Each structure stands twice: as C-alpha cells, then as structure tokens.
Amino acid sequence: MAWRTCSSGWTAWWPTTRHSATSRWGAGGSTADLTLDIANRMQNTICVETMMHLTCTNMPVEKIDHALQTIKSNGIQNVLALRGDPPHGQDKFVQIQGGFACALDLVKHIRSAYGDYFGITVAGYPEGHPDTIGPDGVASNESYQSDLLYLKKKVDAGADLIITQLFYDTDMFLKFVNDCRQIGITCPIVPGIMPINNYKGFLRMTGFCKTKIPAEITAALEPIKDNEEAVKAYGIHLGAEMCKKILAHGIKTLHLYTLNMEKSALAILLNLGLIEESKISRSLPWRPPTNVFRVKEDVRPIFWANRPKSYLSRTVGWDQYPRGRWGDSRNPSYGALSDHQFMRPRSRDKKLHEEWAVPLKSVEDIYEKFKNYCLGKLRSSPWSELDGLQPETKIINEQLGKINVKGFLTINSQPAVNGERSDSSSVGWGGPGGYVYQKAYLEFFCSPEKLTALVDKSKALPFITFMAVNKEGNWKANVNQTDVNAVTWGVFPAKEIIQPTVVDPASFKVWKDEAFEIWSRSWASLYPEGDSSRKLLEEVQSSYYLVSLVDNDYINGDLFAVFADL
Ligand SMILES: Cc1cc2nc3c(=O)[nH]c(=O)nc-3n(C[C@H](O)[C@H](O)[C@H](O)COP(=O)(O)OP(=O)(O)OC[C@H]3O[C@@H](n4cnc5c(N)ncnc54)[C@H](O)[C@@H]3O)c2cc1C
C-alpha cells in the first residue's frame, strides 16, 4: 500500500515539521478546472506537497479519470477521496448516471485503476456524519457505530490516511481515535483543526457541519464576539491548546483548515514551536518542486532564476533531472517556446500595465524603468514572474541602479558570497550547519557599442568570463561552448559539495530567445500597434546584446568596478 506525504488545507508533520497543502474541490465539482490548476501550481510552482480533494458529486467516471490523469501527469500523488455534498439548491446527494454513490466507490476505483500511485486520504467524522446528527445535535449510537464501520471499509479498500471533520471538543476526537483503533483501523488519523477567525464565520461553519460547541468556548466567545481582534487571538490560543493536547496523546500530524486565511494557522504553528519565523530557509537557492519526477533535481542554469514557471514548463519532458553535476549540456532538450511561457495571471498583467506601459521617448526612459525596478520602486518586471526583488538582490540594488542608468539593463544578478552561514536570511539555503558560496553574476542587455567597451575592458581582467549574444544569434564570449561554470555552491556536514546553480553556453543560447521575446511579448505588446514607445522597444530588442557576466574571483573581486568608466 502506498504512503505519500500528504494532507489538507495546511498540514504540519511533527516532529519533523514538514508542511503540505490541500486544495478543495468546489461543491458539486463547480470549480474542477480551477482546482486542477491550483493543485498543479501548488505542487510545481509554490512547491509544497499537495493533496487534491476530489468528490463524486456530478462526476461521471470519465471526468473523475480526467482529473486523476491530469494530477498524475503533473506529479501530484495525493488525493482526498470524498463523496461530496449535494450541489447548491439540493438537499440530498444523488448518484448521477455513470458516477459513484459514495467515497468508498471512489477509493476502490482509484486503487483498481491506478494501483499504488496515489496516496489516498478519506474523511472521518468524530461526531458522526452531519446527515446522521439529529435535531438534538448528536448522532445516535447506532448511526455513529455504522459510520465507523463504513470508515473501516474505506480504509480496507485502500485509504492510507483519515482527516477528520472540524471539531472543538478535543475529548470527543480522542474518543473517536480510540473507537477507530478498537475496530481495527490502524492508519494515521489526522485531526481537522479550524482556527476561529471571526465569530459569525464560526457560527456559520459549526451550524453547517452540526459541530458541537463546548460550553466553555461559548462562554469565552460571548463577551468578545463583537471584537474581531480579540476573537482571532482567542482562536489562536484555543487552536494551540487543542493541538498541544492532541500532540500529547501521541498524534503526530495536524491538519489546519485555513479557508484561504492562513495567518491564524501560521500563528498556531509558531505558538506550538513547529515553525520558527527566523529559520524558514530555502532548501536550494531556487525552489525545488516536490513533484515526484523532479525530486532528485538539484542543479539548474541561473538564467531562469526569475522565471521558475517557464523553466519548469520548458523542462517538463525531461526523463532525468540534473543532480550533483549539470552534466553534458551540448544538447539540452528544452521545450520550444510557446504562448504558455508568456501567459500572466490577471493581477500581474494589471501591475505590468500600471508600472511599465508608460510613454517612452528615448532609451533613457527605458533605462529609468530598469533602474527603478532594481531600487524596489516597481514591484513588477516583464522579465520576472516573481513579486519584487529576491532578498539577495537588495544587497547590491544601489550598484545595480547605477549601471542601469548607464544602459546596462539588468535582468538577473547575484552578489559574491564567500562562506556565509547557510541559515543567513538573505543568501542562505540548505538549512543550518553549512556554509554557502557564490560568484558575482550579472545578466543584462546593452548596446553593441557598450558591449565592445566592456569586452575591451575585460581583456585586462582574467577573472571575468562573459557570453554575449544578440537576437540574431551573433555570439561573443571568452568561454568554450562546453564550459560549465558553477556559480553557487554549498558545503554541509556529511554531504558532498552541492552546486545548485550553473552558467553554461548551451542553456544560455536557449534562454536568449525567451529573454529577447519578452521585449515584444511582455512589454511592447502593452502598447497599441504603431505606437512610438512600442517601436522604440522593438528597436532595442533587435539591436541590443544579452550579456552574461561572471566574476570568478568570489573572494576579492568587484564586478561593478568593471563598469566604472563605461
Ligand atoms: C477533511 C474534509 C475535506 C472535505 N473537502 C471537501 C471538498 O473539497 N469539497 C466538497 O464538496 N466537500 C468536502 N468535504 C465535505 C464532504 O464532501 C461531505 O461531508 C460529504 O457529505 C460526505 O463526504 P464523505 O467523503 O465523507 O462521504 P462518504 O464517505 O461516502 O460518507 C457519507 C455518509 O454516508 C454514509 N455512507 C455512505 N455509504 C455508506 C455505506 N455503503 N454504508 C453505510 N454508510 C454509508 C457514511 O457513513 C457517511 O455518513 C470535506 C469533508 C472533510 C471531512
């Protein structure tokens, strides 16, 4: 039987403190495409282990299989198999033709059609399923027992894990776990904790789920119910106390329902010491997806540092991902450029319009835009999928600003680092206990004249390596085609050296098409056809060079000195 690291809303594993997320399946399958998209992004772009909820409501088997195939091809391995609630406007769940009647059918189908690929989670109800709870607010013993036996059937059919409905009576949850164990349910049972964020929401949710509210909670909330901040603070306190009691009973995993409001969930985890604000460090300089296919990947070219989604989509078809060494890059089989790499979420589109679609009279206006982005005055850049600058860029942003106004239009950079502690908040990665290193790196567009001046100057600077290419592919460099330059590496106890970021000519040539295309697709396209600003951008696109510059002297070098008299 497969076991996958998984959960729902936000889950923390204790004591190893691993986190994962789940994405809800909208009532009646109403948000199927959106849920599939969100789950994919969570797994592969946000890079948290993701479990997608899947319900039977309005879902013929073909649709269920479409959803399962989609998440499988995106490397998602965890599913919360549910019957689902009736769609809006209906009281009772109705099995549709060609669909399933209950979660048990869905679990059986997933196991028979997909073997052990998926880790399957099912829902458990410490107070009994709401359908079985009577007007007095409790389920009869008979229906509680038959619910338990049915839960066992779901586990026997292949479920690996149970996540419970929300509850506020911790003793009732602990009794439920005990009752499950008595009838031979041995899989982990994860408590569903819903932090109280506001009073009305709490009443609505507990009313809908028919959740028992212990008298002491009602008494604590009653005097503060109109004070939103006090309710939130109480919700965090109560959630933390419930979790402490549950953890003290040997239960090692928590599930926090966030309902898109994560602050209280994070506060509870901080309160429990399961996360530490100052020590949330990167495992690699870039975010490695938790996707099963890429789990071993630990080396990437630096060029896509600000476009991780594009990098993922262009390498999704690789059979193997580089590990330890970049390897032979003479024939990198990157996926072709497509519209996909240039699509932006609506909010990003709006920001780019606001910040970048302004009249441009001369190249100096273009230089100004790049400078302002480096100084943090703009949040968006056509060359970045990220929101604002990376923390390490802030170390050099003043110097970046200065070279941008000179016409070296930077789109990627990193400062030199010579043995900083690996838990440094700005340049650290890989967890505590190690030391990290990196060579200063700059990537920019510049005019051919400026490139000539730069190349002349670099002849006297043996530590500088560069590659430059224009849109047509004219190439200038002082490195060989097969050279691979490790520009970030780390030394950790009991590990080989890790070198997660490299600069190599073959990948640079692939990247340059994307980098040049961004001028027209992401920036010039913000202006109407024939607009003079648009024309100016297209001229820059067709005449400038893209330059990648490494200062290999990471101990004494000063990459910005190269630009002093240019
Ligand atoms: C953690 C969690 C996440 C959820 N996420 C979502 C979501 O994303 N989208 C959404 O729409 N809803 C979600 N729900 C709500 C859930 O869909 C509803 O509670 C639904 O009414 C029941 O789903 P189920 O999977 O528990 O159903 P089932 O396991 O099929 O059970 C439903 C009820 O029917 C009874 N039953 C069914 N078949 C039998 C049988 N053969 N013999 C005896 N009794 C039977 C069960 O005992 C139980 O009382 C979630 C619930 C939980 C606890």
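The rules we used
Residues numbered from 1 in each chain as written. Predicted model: local features only at pLDDT ≥ 70, side-chain atom pairs only at ≥ 80, totals over all residues. Heavy atoms only, no water. Phe/Tyr/Trp six-rings, centres within 6.5 Å; stacked < 30°, edge-to-face > 60°. Buried < 20%, exposed > 50% of the residue type's maximum accessible area, 1.4 Å probe, protein only. Lys NZ or Arg CZ within 6 Å of the ring centre and 35° of its normal. 1 Å grid on protein atoms, 1.4 Å probe; cavity = no way out; pocket = protein on both sides within 12 Å on 5 of 7 lines; lining within 4 Å. Points joined across faces, edges and corners; volume = space filled by probe spheres on them. Helix = DSSP H or I, 4+ residues; strand = E, 2+ residues; numbered from the N terminus. Nonpolar A, V, L, I, M, F, W, Y, C, P; charged D, E, K, R; others polar. Axes fitted to C-alpha atoms, helices over the stretch in contact; angles between N-to-C directions. Parallel < 35°, antiparallel > 145°, perpendicular 65-115°, else oblique. Contact = heavy atoms within 4.5 Å. Near = heavy atom within 4 Å. Polar contact = N/O pair within 3.5 Å; in protein donor to acceptor, adjacent residues only side chain to side chain. Areas by Shrake-Rupley, 256 points an atom, 1.4 Å probe, with all protein chains shown as cover.

**Student:** What is the right way to read the packing of aromatic side chains from this model?
**Tutor:** Each aromatic ring pair is described using two quantities: the centre-to-centre distance and the angle formed by the ring planes. Enumeration over the complete set of coordinates arrives at 33 aromatic pairs. With a centroid separation of 6.5 Å and 80° between ring planes, the pair formed by Tyr311 and Trp318 is classed as edge-to-face. Classification of Tyr311 by relative accessible area gives buried; the value is 1%. For Trp318, a relative accessible area of 14% corresponds to the buried category. Taken together, Phe303, Trp304, Tyr311, Trp318, Tyr321, Trp326, Tyr334, Trp475, Phe508 and Trp511 form an aromatic cluster joined through their ring pairs. One cation-aromatic arrangement involves Lys72 over Tyr117; the distance from NZ or CZ to the ring centre is 5.1 Å.

**Student:** What is the right way to read the layout of surface pockets from this model?
**Tutor:** One way to see where empty space is left: roll a probe the size of a water molecule over the atoms. Of the pockets and cavities examined, the second largest pocket occupies roughly 1000 Å³. Along its surface, the second largest pocket is lined by 36 residues, and Asn40, Arg41, Thr45, Lys309 and His340 are the ones closest to its centre. Contributions of two or more residues to the lining of the second largest pocket are made by α1 (32-46), α10 (308-315) and α11 (346-356). Examining the composition of the lining of the second largest pocket, we find that eight residues originate from one element, α1, more than from any other. Tallied by class, residues from the lining of the second largest pocket come to 13 nonpolar, 15 polar and eight charged.

**Student:** For this particular structure, what's the right way to read the packing of helix α3 (residues 103-114) against helix α4 (residues 141-156)?
**Tutor:** A pair of packed helices is captured by two measures, namely the crossing angle of their axes and the spacing between those axes. Interhelical geometry of α3 versus α4 gives an angle of 10° and a closest axis separation of 9 Å. Classified by the interaxial angle, the pair formed by α3 and α4 is roughly parallel. Facing α3, whose interface residues are Ala103, Leu104 and Val107, α4 presents Tyr150, Lys153 and Lys154.

**Student:** Hey, could you run me through the site of the ligand in this one?
**Tutor:** Lining the immediate surroundings of the ligand are 21 residues, of which Trp25, Asp85, Tyr125, Asp147 and Lys154 lie closest. Contact distances for the ligand include 2.8 Å between an oxygen atom and a side-chain N or O atom of Asp85. Note that an oxygen atom of the ligand is positioned 2.8 Å from one of the backbone N or O atoms of Ala103. Burial of the ligand by the surrounding chains reaches 84%, relative to a free accessible area of 970 Å². The greatest single-element share of the shell around the ligand, amounting to three residues, is contributed by α4.

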